Amino acid sequence: MRAIWKGAVSFGLVNVPVRLFSATENHDVQFRQVHEKDGGRIKYQRICSIDGEEVPYSDIAKGYEAADGQMVILSDEELKSLPTRTTKEISIEKFVPSEQIDPLLFDKSYYLEPDKTGLKPYVLLRDALEKADRMALVTVSVRTRMTLAVLRVREGVIVLQTLLWADEVRKPEFESLSEETHATQKELAMASSLVDSLSGDYEPDEFEDDYSEAVAKLVETKIEGGDITETPEAKGEESEVVDLLAALQRSVDKAKAARSGGSAASAASETASTATGTEGAGGTARRSASASKSTAKKTAAKTTAKKTTAKKATTKKAATKTAAKKSTKKAS
């Protein structure tokens, strides 16, 4: 188990350093809402009821709806000004008889483990609670709000159980039970006989969550039989990163990749700047290719021109020689 809170129990002039652990855990079967056709998870969007636009978390504030339906928006600064307690102290207010605390008031349960330095006063407080058969009524601030709680002993460990406020318990006002209706003596005797026949001790291990076991067995059977849906990767925007460590790891990897590729990118940028001013490497490559083609065309044109000139010169020389021969023959 991992401690969710550290503080101290204030017991008169004695402080008992303790760590707080959740005493219970939820084993309810958790299902996902998925698309029956392909197994894709169902996503929900935060849509404003007025303009119909999707609202990012950064634009979401806390609002209190008044009785007439009007909305009062509260800023973080205003909420910070409210009376809260961040003290790390469990302050014992009084010791009350156990039967005075209605179990309906119990909310969440936590184990208190003492630090090594606080073992002696912890044991003293535990034994005093057991001997007095009372609960210690305390005030504590586990997160930000102060709440009432009680300290009691269970299997040699001090348990802290937070309490609901008195106005959080509903009154059972049922008209059907308001009449003065009671069972007859004969009915009561039969009911008492039934109670006696079913009497026994509470053994927690005697009862099991058969529904959860049945669901687990059903899932295992379908997996072994190959009756599963291969869910393809979701299209569109990436899902929000919930795990802070995963988000930080991605940031670190991205920064490392940027640093390792920085030198190569810089060199390419300098080459591109020298050749074409402020254009990118892609523009430089295209311009270089175009220049190469232009040069090749010019070279080919010059070669063709040279060949044409040479051919004309050869033809002219041949014509001159022929004319000279004809003139010589006429002269003789």
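Use the structure listed above.
Just so it is clear, the structure is predicted and the values come from calculations on it, not from any experiment.

Q: Before we go on, may I ask you to explain helix H2 (residues 119–132) in this structure?
A: Since there are 3.6 residues in each turn of an α-helix, residues three or four apart along the chain are aligned in direction. For H2, with 14 residues, the first-to-last C-alpha span of 20 Å sits near the 20 Å given by 1.5 Å per residue. Among all positions of H2, only Pro 121, Tyr 122, Leu 125 and Leu 129 are buried. Around the axis of H2, the buried residues are gathered within 110 degrees of arc, so they sit on the same side. Summarising the geometry of H2, the exposed residues directed more than 90 degrees from the buried face are Lys 120 and Lys 131. Looking one or two residues past H2, Asp 133 carries a phi angle of roughly 55 degrees, positive in sign.

Q: Sorry, what's going on with the side chain of Ser 109 here?
A: Checked against the element boundaries, Ser 109 lands in strand S6 (residues 106–114). Assessed through its relative accessible area of 18%, Ser 109 is described here as buried. Once you skip the residues sitting within four places of it in the chain, Ser 109 turns out to touch Phe 21, Ser 22, Ala 23, Thr 24, Val 159, Leu 160 and Gln 161.

Q: Help me understand helix H3 (residues 185–197) in this model?
A: An ideal rise of 1.5 Å per residue puts 18 Å on 13 residues; H3 measures up with 19 Å between its terminal C-alpha atoms. Counted residue by residue, H3 has zero buried out of 13 residues, so it is predominantly exposed.

Q: Whenever I open this one, the side chain of Ser 212 confuses me. Can you help?
A: Mapped onto the secondary structure, Ser 212 falls in helix H4 (residues 210–224). Note on Ser 212: relative accessible area 17%, which makes it buried. At 2.5 Å, the side chain of Ser 212 and the side chain of Asp 209 are in polar contact. When sequence neighbours within four positions are dropped, the list of residues in contact with Ser 212 reads His 27 and Val 29.

How each quantity is defined
For every chain, the first residue of the written sequence is number 1, and numbering continues from 1 along that sequence. Thresholds applied to this predicted model are a pLDDT of at least 70 for local features of residues and 80 or more for the giving and counting of side-chain atom pairs; totals over whole chains, interfaces and linings are not thresholded and use all residues. Based on all heavy atoms of the structure, the side-chain values leave hydrogens and waters out of the count. Only DSSP runs of H or I covering at least 4 residues are called helices, and only runs of E covering at least 2 are called strands; the numbering of each starts at the N terminus. Here the expected length of a helix is defined as 1.5 Å per residue gap, with one fewer gap than residues. Burial status follows relative accessibility: with a 1.4 Å probe on protein chains alone, a residue under 20% of its type maximum counts as buried, one over 50% as exposed, and anything between as partly exposed. What the arc measures is the spread of directions leading from the helix axis to the C-beta atoms. Contacts were defined at the residue level, with two residues in contact if any of their heavy atoms lie within 4.5 Å. Here a polar contact means two N or O atoms within 3.5 Å. Within protein one must be a hydrogen donor candidate and the other an acceptor candidate, and residues neighboring in sequence count only if both atoms are side-chain atoms.

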